[in-house]
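# Structural overview for review
The lines below spell out each chain.
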Amino acid sequence: MIVNDLVKHQNPWISLDRETGIVVSSRVRLARNLRDHAFPGWAGEKERERLCLEATEACRKVPRLADAAVLDMAGLGELDRELLKERHLISVEFAERREGSALVLSRDEHIAIMVNEEDHLRMQAIAPGLCLQETWREIDSVDTEMEKHLRYAHSPTLGYLTACPTNVGTGLRASVMVHLAGLRLTGDFDRAMKGLTRLGLAVRGLFGEGSEAYGGMVQVSNQSTLGESEQAILERLLGIVQDLVVHERNARARLVERNRIVALDQVSRALAILKHARLISSMEAVELLSMLRLGVDLKLVAGVSEAGINEMLLMTQPGHLQMHFGRKLDLKERDRMRAEFVAERLRDADVVERRR
Amino acid sequence: MQKCQICGKKEATVHLKQVLDGETLEMFLCKECAQKGGLSIDTGLGMAEFVIGLASAKDKEQKRRAEEELSCPSCHMRRADFKKTSRLGCPACYETFAADLSPMLAEMHRGTTHVGKSPRDSVGRNDVAALRKALAAAVAAQRFEEAARLRDLIRAATGGAPSGAVSDDRQ
(Lines give C-alpha, C1' and ligand atoms only; values in the text may rest on other atoms or scores of the structure.)
Protein backbone atom coordinates (compact mmCIF):
# COMPACT_ATOMS: atom_id res chain seq x y z
CA MET A 1 0.00 0.00 0.00
CA ILE A 2 1.62 3.17 -1.26
CA VAL A 3 -0.44 5.41 0.94
CA ASN A 4 0.62 3.61 4.11
CA ASP A 5 3.83 5.63 4.36
CA LEU A 6 1.98 8.92 4.15
CA VAL A 7 -0.65 7.79 6.62
CA LYS A 8 2.11 6.87 9.11
CA HIS A 9 3.04 10.54 9.38
CA GLN A 10 -0.37 11.05 10.94
CA ASN A 11 -1.12 14.62 9.95
CA PRO A 12 -4.68 14.44 8.69
CA TRP A 13 -7.38 17.11 8.36
CA ILE A 14 -8.72 16.34 11.82
CA SER A 15 -6.41 17.06 14.75
CA LEU A 16 -5.01 14.01 16.50
CA ASP A 17 -2.97 15.83 19.09
CA ARG A 18 -4.74 18.98 20.17
CA GLU A 19 -8.19 20.47 20.76
CA THR A 20 -9.73 22.58 18.04
CA GLY A 21 -13.23 22.72 19.52
CA ILE A 22 -16.29 23.47 17.43
CA VAL A 23 -14.32 24.14 14.24
CA VAL A 24 -12.82 20.84 13.17
CA SER A 25 -10.95 21.86 10.00
CA SER A 26 -10.49 24.43 7.26
CA ARG A 27 -9.94 23.88 3.56
CA VAL A 28 -9.24 26.11 0.58
CA ARG A 29 -9.45 24.69 -2.94
CA LEU A 30 -8.51 26.37 -6.23
CA ALA A 31 -9.64 25.16 -9.64
CA ARG A 32 -7.32 25.86 -12.57
CA ASN A 33 -7.14 24.78 -16.21
CA LEU A 34 -4.50 25.04 -18.89
CA ARG A 35 -4.94 27.19 -21.96
CA ASP A 36 -5.63 25.49 -25.30
CA HIS A 37 -6.61 22.15 -23.81
CA ALA A 38 -10.01 20.52 -23.57
CA PHE A 39 -11.32 20.10 -20.01
CA PRO A 40 -10.79 16.60 -18.55
CA GLY A 41 -14.40 15.47 -18.99
CA TRP A 42 -14.25 16.20 -22.73
CA ALA A 43 -10.64 15.42 -23.57
CA GLY A 44 -9.55 12.05 -24.90
CA GLU A 45 -7.33 9.71 -22.90
CA LYS A 46 -4.14 10.57 -24.81
CA GLU A 47 -4.71 14.29 -24.30
CA ARG A 48 -5.36 13.74 -20.58
CA GLU A 49 -2.17 11.72 -20.22
CA ARG A 50 -0.13 14.41 -21.98
CA LEU A 51 -1.58 17.10 -19.78
CA CYS A 52 -1.10 14.97 -16.67
CA LEU A 53 2.60 14.66 -17.47
CA GLU A 54 2.95 18.40 -18.08
CA ALA A 55 1.11 19.26 -14.85
CA THR A 56 2.99 16.81 -12.61
CA GLU A 57 6.31 18.04 -14.01
CA ALA A 58 5.30 21.60 -13.17
CA CYS A 59 4.43 20.49 -9.61
CA ARG A 60 7.91 19.08 -9.11
CA LYS A 61 9.36 22.54 -9.76
CA VAL A 62 7.41 24.12 -6.92
CA PRO A 63 9.61 24.39 -3.78
CA ARG A 64 6.72 23.61 -1.41
CA LEU A 65 6.16 20.34 -3.30
CA ALA A 66 9.81 19.30 -3.53
CA ASP A 67 9.25 16.16 -1.45
CA ALA A 68 5.71 15.53 -2.66
CA ALA A 69 4.52 12.09 -3.72
CA VAL A 70 3.08 11.77 -7.22
CA LEU A 71 0.46 9.01 -7.30
CA ASP A 72 -0.66 7.71 -10.68
CA MET A 73 -4.37 6.97 -10.31
CA ALA A 74 -4.09 4.12 -12.83
CA GLY A 75 -1.97 2.08 -10.44
CA LEU A 76 -3.65 2.92 -7.15
CA GLY A 77 -5.30 0.08 -5.22
CA GLU A 78 -8.82 0.09 -3.78
CA LEU A 79 -7.75 0.51 -0.19
CA ASP A 80 -5.50 3.46 -1.05
CA ARG A 81 -8.41 5.18 -2.78
CA GLU A 82 -10.56 4.72 0.33
CA LEU A 83 -7.85 6.05 2.62
CA LEU A 84 -7.31 9.13 0.48
CA LYS A 85 -11.05 9.81 0.42
CA GLU A 86 -11.34 9.42 4.18
CA ARG A 87 -8.42 11.77 4.70
CA HIS A 88 -10.23 14.34 2.51
CA LEU A 89 -7.35 14.38 0.03
CA ILE A 90 -9.35 13.27 -2.99
CA SER A 91 -13.00 13.64 -3.94
CA VAL A 92 -15.44 10.77 -4.44
CA GLU A 93 -15.34 11.54 -8.18
CA PHE A 94 -11.54 11.43 -8.31
CA ALA A 95 -11.40 8.10 -6.47
CA GLU A 96 -12.93 6.53 -9.60
CA ARG A 97 -10.26 7.90 -11.95
CA ARG A 98 -7.74 5.62 -13.59
CA GLU A 99 -5.54 6.42 -16.62
CA GLY A 100 -4.64 10.04 -17.18
CA SER A 101 -5.11 11.30 -13.63
CA ALA A 102 -2.65 11.76 -10.79
CA LEU A 103 -2.51 13.04 -7.24
CA VAL A 104 0.35 15.21 -6.05
CA LEU A 105 0.53 15.06 -2.27
CA SER A 106 2.89 16.98 0.01
CA ARG A 107 4.68 15.00 2.67
CA ASP A 108 2.81 16.75 5.49
CA GLU A 109 -0.55 16.02 3.82
CA HIS A 110 -1.46 19.71 3.89
CA ILE A 111 -1.34 20.21 0.10
CA ALA A 112 -3.07 17.90 -2.37
CA ILE A 113 -3.36 18.53 -6.11
CA MET A 114 -5.75 16.42 -8.15
CA VAL A 115 -4.71 16.40 -11.80
CA ASN A 116 -7.58 15.79 -14.23
CA GLU A 117 -10.56 15.60 -11.94
CA GLU A 118 -13.36 17.90 -13.15
CA ASP A 119 -10.70 20.51 -13.96
CA HIS A 120 -7.09 20.07 -15.02
CA LEU A 121 -5.94 21.11 -11.54
CA ARG A 122 -7.81 21.02 -8.26
CA MET A 123 -5.37 22.30 -5.68
CA GLN A 124 -6.25 22.22 -2.01
CA ALA A 125 -4.71 23.06 1.33
CA ILE A 126 -6.39 21.57 4.40
CA ALA A 127 -5.58 21.80 8.10
CA PRO A 128 -7.24 21.22 11.49
CA GLY A 129 -9.04 24.02 13.29
CA LEU A 130 -10.11 27.45 12.08
CA CYS A 131 -7.26 28.68 9.88
CA LEU A 132 -8.79 29.92 6.62
CA GLN A 133 -6.34 32.76 5.98
CA GLU A 134 -3.24 30.62 6.56
CA THR A 135 -4.67 27.83 4.43
CA TRP A 136 -5.46 30.34 1.65
CA ARG A 137 -1.94 31.77 1.76
CA GLU A 138 -0.45 28.27 1.46
CA ILE A 139 -2.42 27.32 -1.62
CA ASP A 140 -2.19 30.79 -3.13
CA SER A 141 1.61 30.63 -3.10
CA VAL A 142 1.57 27.13 -4.61
CA ASP A 143 -0.72 28.49 -7.34
CA THR A 144 1.58 31.46 -8.00
CA GLU A 145 4.54 29.09 -8.30
CA MET A 146 2.66 26.72 -10.63
CA GLU A 147 1.76 29.71 -12.81
CA LYS A 148 5.46 30.14 -13.62
CA HIS A 149 5.52 26.78 -15.37
CA LEU A 150 2.03 26.50 -16.83
CA ARG A 151 -0.22 28.74 -18.92
CA TYR A 152 -3.60 29.01 -17.25
CA ALA A 153 -6.87 29.51 -19.10
CA HIS A 154 -7.99 32.92 -17.93
CA SER A 155 -10.12 35.78 -19.26
CA PRO A 156 -9.97 39.36 -17.97
CA THR A 157 -13.76 39.40 -17.66
CA LEU A 158 -14.52 35.90 -16.39
CA GLY A 159 -11.32 35.11 -14.51
CA TYR A 160 -10.05 31.53 -14.30
CA LEU A 161 -12.01 29.38 -16.73
CA THR A 162 -13.33 26.12 -15.32
CA ALA A 163 -15.18 23.08 -16.69
CA CYS A 164 -18.25 23.94 -14.69
CA PRO A 165 -19.54 27.54 -14.70
CA THR A 166 -20.21 27.21 -10.96
CA ASN A 167 -16.46 27.53 -10.36
CA VAL A 168 -15.50 30.25 -12.86
CA GLY A 169 -13.82 33.46 -11.71
CA THR A 170 -11.69 32.89 -8.65
CA GLY A 171 -12.09 29.11 -8.86
CA LEU A 172 -12.05 29.29 -5.09
CA ARG A 173 -14.03 27.09 -2.76
CA ALA A 174 -13.29 27.67 0.89
CA SER A 175 -14.91 25.42 3.46
CA VAL A 176 -14.94 24.91 7.18
CA MET A 177 -16.06 21.75 8.99
CA VAL A 178 -17.99 22.49 12.18
CA HIS A 179 -19.35 20.28 14.95
CA LEU A 180 -22.88 21.44 15.74
CA ALA A 181 -23.99 18.75 18.19
CA GLY A 182 -25.37 21.39 20.58
CA LEU A 183 -27.72 22.94 18.02
CA ARG A 184 -28.86 19.43 17.15
CA LEU A 185 -29.88 18.74 20.74
CA THR A 186 -31.63 22.09 21.29
CA GLY A 187 -33.61 21.58 18.08
CA ASP A 188 -32.14 24.65 16.36
CA PHE A 189 -30.06 22.78 13.79
CA ASP A 190 -32.45 22.88 10.82
CA ARG A 191 -33.15 26.57 11.28
CA ALA A 192 -29.42 27.29 11.41
CA MET A 193 -28.87 25.34 8.18
CA LYS A 194 -31.68 27.24 6.44
CA GLY A 195 -30.08 30.47 7.62
CA LEU A 196 -26.74 29.49 6.11
CA THR A 197 -28.37 28.63 2.80
CA ARG A 198 -30.13 31.99 2.75
CA LEU A 199 -26.76 33.66 3.26
CA GLY A 200 -25.59 32.01 0.05
CA LEU A 201 -23.47 29.28 1.59
CA ALA A 202 -23.46 25.58 0.73
CA VAL A 203 -23.91 23.10 3.56
CA ARG A 204 -22.77 19.48 3.25
CA GLY A 205 -22.32 16.52 5.54
CA LEU A 206 -19.08 14.92 6.69
CA PHE A 207 -18.68 12.96 3.48
CA GLY A 208 -19.04 15.84 1.02
CA GLU A 209 -21.53 16.53 -1.72
CA GLY A 210 -24.94 14.97 -1.16
CA SER A 211 -24.12 13.48 2.23
CA GLU A 212 -26.24 13.81 5.37
CA ALA A 213 -25.12 15.84 8.34
CA TYR A 214 -24.40 12.84 10.55
CA GLY A 215 -23.53 13.75 14.09
CA GLY A 216 -24.13 17.43 13.39
CA MET A 217 -20.84 17.56 11.48
CA VAL A 218 -21.26 20.00 8.61
CA GLN A 219 -19.02 21.52 6.00
CA VAL A 220 -19.90 25.14 5.27
CA SER A 221 -18.56 26.68 2.07
CA ASN A 222 -19.05 29.57 -0.34
CA GLN A 223 -21.24 28.96 -3.40
CA SER A 224 -20.34 31.97 -5.53
CA THR A 225 -16.87 32.19 -7.06
CA LEU A 226 -17.39 35.11 -9.46
CA GLY A 227 -17.84 38.81 -8.81
CA GLU A 228 -16.01 38.85 -5.47
CA SER A 229 -12.31 38.81 -4.73
CA GLU A 230 -10.72 35.90 -2.91
CA GLN A 231 -10.31 38.00 0.24
CA ALA A 232 -13.94 39.07 0.15
CA ILE A 233 -15.08 35.45 -0.14
CA LEU A 234 -12.83 34.33 2.72
CA GLU A 235 -13.75 37.20 4.99
CA ARG A 236 -17.44 36.71 4.48
CA LEU A 237 -17.19 32.96 5.16
CA LEU A 238 -15.06 33.58 8.23
CA GLY A 239 -17.56 36.10 9.61
CA ILE A 240 -20.46 33.72 9.17
CA VAL A 241 -18.55 30.78 10.66
CA GLN A 242 -17.63 32.88 13.69
CA ASP A 243 -21.29 33.75 14.20
CA LEU A 244 -22.18 30.08 13.82
CA VAL A 245 -19.62 29.12 16.46
CA VAL A 246 -21.13 31.63 18.90
CA HIS A 247 -24.56 30.24 18.08
CA GLU A 248 -23.34 26.70 18.86
CA ARG A 249 -21.60 27.76 22.08
CA ASN A 250 -24.80 29.44 23.25
CA ALA A 251 -26.77 26.29 22.47
CA ARG A 252 -24.31 24.23 24.53
CA ALA A 253 -24.50 26.71 27.41
CA ARG A 254 -28.31 26.62 27.33
CA LEU A 255 -28.21 22.83 27.35
CA VAL A 256 -26.07 22.74 30.45
CA GLU A 257 -28.08 25.44 32.23
CA ARG A 258 -31.62 24.38 31.46
CA ASN A 259 -31.48 20.81 30.25
CA ARG A 260 -28.45 19.21 31.76
CA ILE A 261 -30.23 15.93 32.28
CA VAL A 262 -30.96 15.68 28.54
CA ALA A 263 -27.33 16.29 27.65
CA LEU A 264 -26.16 13.85 30.32
CA ASP A 265 -28.61 11.23 29.09
CA GLN A 266 -27.60 11.55 25.43
CA VAL A 267 -23.90 11.43 26.23
CA SER A 268 -24.37 8.46 28.58
CA ARG A 269 -26.30 6.52 25.96
CA ALA A 270 -23.64 7.23 23.33
CA LEU A 271 -20.87 6.10 25.63
CA ALA A 272 -22.77 3.01 26.74
CA ILE A 273 -23.31 1.83 23.17
CA LEU A 274 -19.74 2.59 22.18
CA LYS A 275 -18.41 0.62 25.14
CA HIS A 276 -20.74 -2.36 25.00
CA ALA A 277 -22.25 -2.86 21.54
CA ARG A 278 -20.86 -5.72 19.41
CA LEU A 279 -21.80 -4.34 15.98
CA ILE A 280 -21.53 -0.64 15.07
CA SER A 281 -21.97 0.74 11.54
CA SER A 282 -19.77 3.61 10.33
CA MET A 283 -22.71 6.03 10.28
CA GLU A 284 -23.73 5.08 13.80
CA ALA A 285 -20.13 5.50 14.93
CA VAL A 286 -20.09 9.07 13.63
CA GLU A 287 -23.33 9.87 15.47
CA LEU A 288 -22.15 8.35 18.75
CA LEU A 289 -18.62 9.74 18.63
CA SER A 290 -19.99 13.14 17.79
CA MET A 291 -22.21 13.05 20.87
CA LEU A 292 -19.26 11.92 22.95
CA ARG A 293 -17.19 14.79 21.56
CA LEU A 294 -19.88 17.15 22.83
CA GLY A 295 -19.77 15.35 26.16
CA VAL A 296 -16.05 15.99 26.48
CA ASP A 297 -16.53 19.69 25.73
CA LEU A 298 -19.33 19.94 28.31
CA LYS A 299 -17.08 18.17 30.84
CA LEU A 300 -19.59 15.36 31.29
CA VAL A 301 -17.12 12.67 30.26
CA ALA A 302 -13.65 11.85 31.56
CA GLY A 303 -11.02 9.33 30.46
CA VAL A 304 -10.99 10.38 26.81
CA SER A 305 -9.85 13.58 25.08
CA GLU A 306 -11.24 15.46 22.09
CA ALA A 307 -8.16 14.47 20.10
CA GLY A 308 -8.76 10.83 21.05
CA ILE A 309 -12.30 11.07 19.72
CA ASN A 310 -11.03 12.76 16.54
CA GLU A 311 -8.73 9.81 16.01
CA MET A 312 -11.62 7.41 16.46
CA LEU A 313 -13.71 9.39 13.96
CA LEU A 314 -10.95 8.81 11.42
CA MET A 315 -10.04 5.23 12.33
CA THR A 316 -13.63 3.92 12.37
CA GLN A 317 -14.07 4.75 8.70
CA PRO A 318 -14.00 1.67 6.45
CA GLY A 319 -10.60 2.17 4.82
CA HIS A 320 -8.78 3.16 7.98
CA LEU A 321 -10.37 0.34 9.93
CA GLN A 322 -9.11 -2.21 7.43
CA MET A 323 -5.69 -0.62 7.40
CA HIS A 324 -5.55 -0.78 11.20
CA PHE A 325 -6.40 -4.47 11.33
CA GLY A 326 -4.12 -5.20 8.40
CA ARG A 327 -6.66 -6.97 6.20
CA LYS A 328 -9.71 -6.58 4.03
CA LEU A 329 -12.97 -6.89 5.98
CA ASP A 330 -16.52 -7.42 4.70
CA LEU A 331 -19.36 -5.29 6.00
CA LYS A 332 -20.32 -7.50 8.96
CA GLU A 333 -16.69 -7.94 9.98
CA ARG A 334 -16.17 -4.19 9.77
CA ASP A 335 -19.14 -3.50 12.02
CA ARG A 336 -17.78 -6.04 14.50
CA MET A 337 -14.18 -4.81 14.44
CA ARG A 338 -15.36 -1.22 14.68
CA ALA A 339 -17.19 -2.06 17.89
CA GLU A 340 -14.06 -3.81 19.23
CA PHE A 341 -11.89 -0.86 18.31
CA VAL A 342 -13.96 1.79 20.06
CA ALA A 343 -14.65 -0.38 23.12
CA GLU A 344 -10.91 -0.81 23.57
CA ARG A 345 -10.15 2.87 23.11
CA LEU A 346 -12.87 3.88 25.56
CA ARG A 347 -11.88 1.45 28.28
CA ASP A 348 -11.08 4.26 30.73
CA ALA A 349 -13.83 6.60 29.66
CA ASP A 350 -16.80 7.24 31.93
CA VAL A 351 -19.52 9.75 32.60
CA VAL A 352 -18.39 12.07 35.41
CA GLU A 353 -21.62 11.99 37.38
CA ARG A 354 -22.07 8.47 38.60
CA ARG A 355 -25.36 7.47 40.10
CA ARG A 356 -25.26 7.00 43.86
CA MET B 1 -23.15 58.64 -51.58
CA GLN B 2 -22.23 55.45 -49.76
CA LYS B 3 -24.90 52.90 -48.79
CA CYS B 4 -25.39 51.91 -45.14
CA GLN B 5 -23.09 49.04 -44.21
CA ILE B 6 -25.80 47.37 -42.16
CA CYS B 7 -28.96 47.39 -44.26
CA GLY B 8 -27.32 48.03 -47.60
CA LYS B 9 -30.37 50.00 -48.71
CA LYS B 10 -30.45 53.51 -47.28
CA GLU B 11 -27.82 56.11 -47.80
CA ALA B 12 -25.18 56.33 -45.10
CA THR B 13 -25.56 59.68 -43.40
CA VAL B 14 -23.78 58.80 -40.17
CA HIS B 15 -20.05 58.33 -40.24
CA LEU B 16 -18.60 56.60 -37.21
CA LYS B 17 -14.87 56.96 -36.91
CA GLN B 18 -13.06 55.70 -33.85
CA VAL B 19 -9.38 55.87 -33.03
CA LEU B 20 -8.29 53.33 -30.37
CA ASP B 21 -4.59 53.12 -29.54
CA GLY B 22 -3.59 54.20 -32.98
CA GLU B 23 -6.05 51.87 -34.68
CA THR B 24 -8.78 53.51 -36.74
CA LEU B 25 -12.20 51.88 -37.18
CA GLU B 26 -14.83 53.37 -39.49
CA MET B 27 -18.46 52.58 -40.16
CA PHE B 28 -20.99 54.21 -42.49
CA LEU B 29 -24.61 53.90 -41.38
CA CYS B 30 -28.02 55.20 -42.21
CA LYS B 31 -29.89 57.08 -39.47
CA GLU B 32 -32.31 54.20 -38.80
CA CYS B 33 -29.64 51.56 -38.33
CA ALA B 34 -27.61 53.93 -36.17
CA GLN B 35 -30.66 54.49 -33.97
CA LYS B 36 -31.48 50.80 -33.87
CA GLY B 37 -28.04 50.16 -32.44
CA GLY B 38 -28.61 52.77 -29.76
CA LEU B 39 -25.69 54.82 -30.89
CA SER B 40 -24.30 57.05 -28.21
CA ILE B 41 -21.68 59.45 -29.38
CA ASP B 42 -20.17 61.08 -26.34
CA THR B 43 -18.38 58.41 -24.31
CA GLY B 44 -15.71 57.30 -26.72
CA LEU B 45 -17.23 53.83 -26.62
CA GLY B 46 -19.75 54.74 -29.33
CA MET B 47 -18.81 52.09 -31.84
CA ALA B 48 -18.70 49.33 -29.25
CA GLU B 49 -22.03 50.54 -27.85
CA PHE B 50 -23.52 50.50 -31.30
CA VAL B 51 -22.42 46.99 -32.12
CA ILE B 52 -23.57 45.73 -28.74
CA GLY B 53 -26.89 47.51 -29.18
CA LEU B 54 -27.36 46.01 -32.60
CA ALA B 55 -26.87 42.56 -31.20
CA SER B 56 -29.72 42.94 -28.76
CA ALA B 57 -32.02 44.20 -31.50
CA LYS B 58 -31.37 41.08 -33.58
CA ASP B 59 -34.21 38.83 -34.60
CA LYS B 60 -34.84 36.37 -31.73
CA GLU B 61 -35.96 33.51 -33.96
CA GLN B 62 -32.85 33.82 -36.08
CA LYS B 63 -30.71 33.73 -32.96
CA ARG B 64 -32.45 30.67 -31.56
CA ARG B 65 -32.06 28.77 -34.80
CA ALA B 66 -28.37 29.58 -34.97
CA GLU B 67 -27.89 28.50 -31.37
CA GLU B 68 -29.35 25.06 -31.99
CA GLU B 69 -26.64 24.29 -34.49
CA LEU B 70 -24.03 25.90 -32.31
CA SER B 71 -20.80 24.02 -31.64
CA CYS B 72 -17.45 25.13 -30.27
CA PRO B 73 -14.87 25.61 -33.06
CA SER B 74 -12.08 24.55 -30.67
CA CYS B 75 -13.35 21.34 -29.14
CA HIS B 76 -16.54 20.61 -31.13
CA MET B 77 -18.77 20.39 -28.10
CA ARG B 78 -22.35 21.07 -29.20
CA ARG B 79 -24.90 23.07 -27.28
CA ALA B 80 -26.82 19.83 -26.63
CA ASP B 81 -23.73 18.28 -25.01
CA PHE B 82 -23.36 21.24 -22.69
CA LYS B 83 -27.05 21.22 -21.79
CA LYS B 84 -26.80 17.54 -20.88
CA THR B 85 -23.85 17.66 -18.48
CA SER B 86 -23.71 21.36 -17.52
CA ARG B 87 -19.96 21.11 -18.07
CA LEU B 88 -18.07 22.84 -20.85
CA GLY B 89 -15.59 21.22 -23.23
CA CYS B 90 -12.74 23.72 -23.29
CA PRO B 91 -11.90 27.34 -22.34
CA ALA B 92 -13.13 28.60 -25.75
CA CYS B 93 -16.61 27.28 -24.94
CA TYR B 94 -17.13 30.30 -22.69
CA GLU B 95 -17.23 32.44 -25.82
CA THR B 96 -19.12 29.95 -27.99
CA PHE B 97 -21.90 29.48 -25.46
CA ALA B 98 -21.78 32.99 -24.04
CA ALA B 99 -25.50 33.54 -24.64
CA ASP B 100 -26.42 30.46 -22.58
CA LEU B 101 -23.87 31.20 -19.89
CA SER B 102 -24.74 34.82 -19.18
CA PRO B 103 -28.03 34.16 -17.38
CA MET B 104 -26.55 31.10 -15.65
CA LEU B 105 -23.63 33.09 -14.26
CA ALA B 106 -25.90 35.91 -13.12
CA GLU B 107 -28.00 33.34 -11.25
CA MET B 108 -25.15 31.36 -9.68
CA HIS B 109 -22.77 34.08 -8.62
CA ARG B 110 -22.66 37.36 -6.76
CA GLY B 111 -21.34 39.18 -9.84
CA THR B 112 -20.76 38.53 -13.52
CA THR B 113 -17.32 40.06 -13.87
CA HIS B 114 -14.19 38.65 -12.29
CA VAL B 115 -12.65 40.43 -9.34
CA GLY B 116 -9.46 39.11 -7.81
CA LYS B 117 -6.34 37.17 -8.72
CA SER B 118 -5.06 36.93 -12.27
CA PRO B 119 -2.02 35.13 -13.66
CA ARG B 120 0.95 37.44 -14.17
CA ASP B 121 0.94 37.06 -17.95
CA SER B 122 -2.74 37.88 -18.36
CA VAL B 123 -4.62 41.09 -19.09
CA GLY B 124 -5.29 42.74 -15.75
CA ARG B 125 -8.61 44.44 -15.02
CA ASN B 126 -6.95 47.83 -14.74
CA ASP B 127 -4.76 47.48 -17.80
CA VAL B 128 -6.99 49.83 -19.81
CA ALA B 129 -4.83 49.88 -22.94
CA ALA B 130 -4.86 46.09 -23.16
CA LEU B 131 -8.58 46.00 -22.38
CA ARG B 132 -9.31 48.41 -25.23
CA LYS B 133 -7.34 46.21 -27.60
CA ALA B 134 -9.33 43.22 -26.43
CA LEU B 135 -12.55 45.22 -26.89
CA ALA B 136 -11.62 46.17 -30.47
CA ALA B 137 -10.92 42.52 -31.24
CA ALA B 138 -14.19 41.41 -29.67
CA VAL B 139 -16.16 44.04 -31.61
CA ALA B 140 -14.48 43.07 -34.87
CA ALA B 141 -15.25 39.39 -34.26
CA GLN B 142 -18.82 40.26 -33.16
CA ARG B 143 -18.31 38.63 -29.74
CA PHE B 144 -21.01 40.79 -28.21
CA GLU B 145 -21.16 39.29 -24.71
CA GLU B 146 -17.41 39.57 -24.24
CA ALA B 147 -17.49 43.11 -25.71
CA ALA B 148 -20.16 44.13 -23.20
CA ARG B 149 -18.15 42.76 -20.28
CA LEU B 150 -14.97 44.46 -21.49
CA ARG B 151 -16.87 47.72 -21.90
CA ASP B 152 -17.99 47.45 -18.27
CA LEU B 153 -14.43 46.80 -17.10
CA ILE B 154 -13.12 49.80 -19.06
CA ARG B 155 -15.87 52.01 -17.66
CA ALA B 156 -15.05 50.87 -14.15
CA ALA B 157 -11.34 51.46 -14.64
CA THR B 158 -11.65 54.88 -16.29
CA GLY B 159 -14.72 56.18 -14.45
CA GLY B 160 -16.53 56.47 -17.79
CA ALA B 161 -14.14 59.12 -19.19
CA PRO B 162 -14.36 59.65 -22.97
CA SER B 163 -11.29 58.95 -25.08
CA GLY B 164 -12.21 58.03 -28.65
CA ALA B 165 -13.12 60.55 -31.32
CA VAL B 166 -16.49 60.03 -32.95
CA SER B 167 -18.07 62.31 -35.51
CA ASP B 168 -21.70 62.45 -36.50
CA ASP B 169 -22.44 63.53 -40.05
CA ARG B 170 -26.21 63.22 -39.68
CA GLN B 171 -27.95 65.61 -42.02
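Predicted, not measured: the structure shown is a model, and the values here were computed from it.

Helix and strand counts for chain B come out as 8 helices and 2 strands. Going from N to C terminus, chain B has its helices and strands arranged as β-β-α-α-α-α-α-α-α-α. Sequence separation of 24 or more characterises 42% of the internal contacts of chain B that already satisfy a separation of 6 or more. Carbon together with sulfur atoms contributes 49% to the accessible area of chain B, which is approximately 9300 Å² in total.

On to helix H6 (residues 98-108) of chain B, then. Residues and elements named next belong to chain B. Looking at H6, one finds that the buried residues are Ala98, Asp100, Leu101 and Leu105. Down the axis, H6 shows its buried residues gathered within 140 degrees of arc, on one side only. Of the residues in H6, the exposed ones pointing more than 90 degrees away from the buried face are Pro103 and Glu107. Tucked into the core, H6 has its buried residues touching helix H4 (79-85), helix H5 (93-96) and helix H8 (144-158).

Residues and elements named next belong to chain A. Spatially, the 8 strands line up as an open sheet ordered S2-S3-S4-S5-S1-S8-S10-S9, and their pairing is antiparallel. Two strands in the sheet have a free side with no partner beyond their single neighbour: strand S2 (69-72) and strand S9 (201-204). Mean inter-strand twist for the sheet, computed between neighbouring axes without regard to direction, equals 20 degrees. Sheet strands touched by helix H7 (residues 189-198): S9 and strand S10 (217-222). Its angle to S9, the strand with the most contacts, is close to 140 degrees. Packed onto the sheet, helix H8 (residues 230-258) meets strand S1 (23-32), strand S8 (172-179), S9 and S10 and runs at close to 10 degrees relative to S8.

Below, the discussion takes up the interface of chain A and chain B. Contact residues are listed per partner, giving 44 residues for chain A and 36 residues for chain B. Summed over both partners, the interface of chain A with chain B buries about 3100 Å², with 60% contributed by carbon and sulfur atoms. Here chain A and chain B share 6 salt bridges between them. Taking the shortest distance from any N to any O, the salt bridge between lysine 117 of chain B and aspartate 140 of chain A comes out at 2.5 Å. Counting every contact that joins chain A to chain B gives 20 residue pairs in polar contact (both at pLDDT 80 or more). Secondary structure elements with two or more residues in the side of chain A that touches chain B: helix H5 (132-146), strand S6 (154-155), strand S7 (159-160) and H8 of chain A. Of all the elements, H5 of chain A adds the most residues to the side of chain A that touches chain B, at 3 residues. Of the residues in the side of chain A that touches chain B, the class split is 16 nonpolar, 16 polar and 12 charged.

Conventions and cut-offs
- Residues numbered from 1 in each chain as written.
- Chains lettered and ligands numbered in written order.
- Predicted model: local features only at pLDDT ≥ 70, side-chain atom pairs only at ≥ 80, totals over all residues.
- Heavy atoms only, no water.
- Helix = DSSP H or I, 4+ residues; strand = E, 2+ residues; numbered from the N terminus.
- Contact = heavy atoms within 4.5 Å.
- Areas by Shrake-Rupley, 256 points an atom, 1.4 Å probe, with all protein chains shown as cover.
- Buried < 20%, exposed > 50% of the residue type's maximum accessible area, 1.4 Å probe, protein only.
- Arc of directions from axis to C-beta.
- Pairing = 2+ DSSP bridges.
- Axes fitted to C-alpha atoms, helices over the stretch in contact; angles between N-to-C directions.
- Buried area = accessible area lost by both parts, 1.4 Å probe.
- Salt bridge = Lys/Arg side-chain N within 4 Å of Asp/Glu carboxyl O.
- Polar contact = N/O pair within 3.5 Å; in protein donor to acceptor, adjacent residues only side chain to side chain.
- Nonpolar A, V, L, I, M, F, W, Y, C, P; charged D, E, K, R; others polar.

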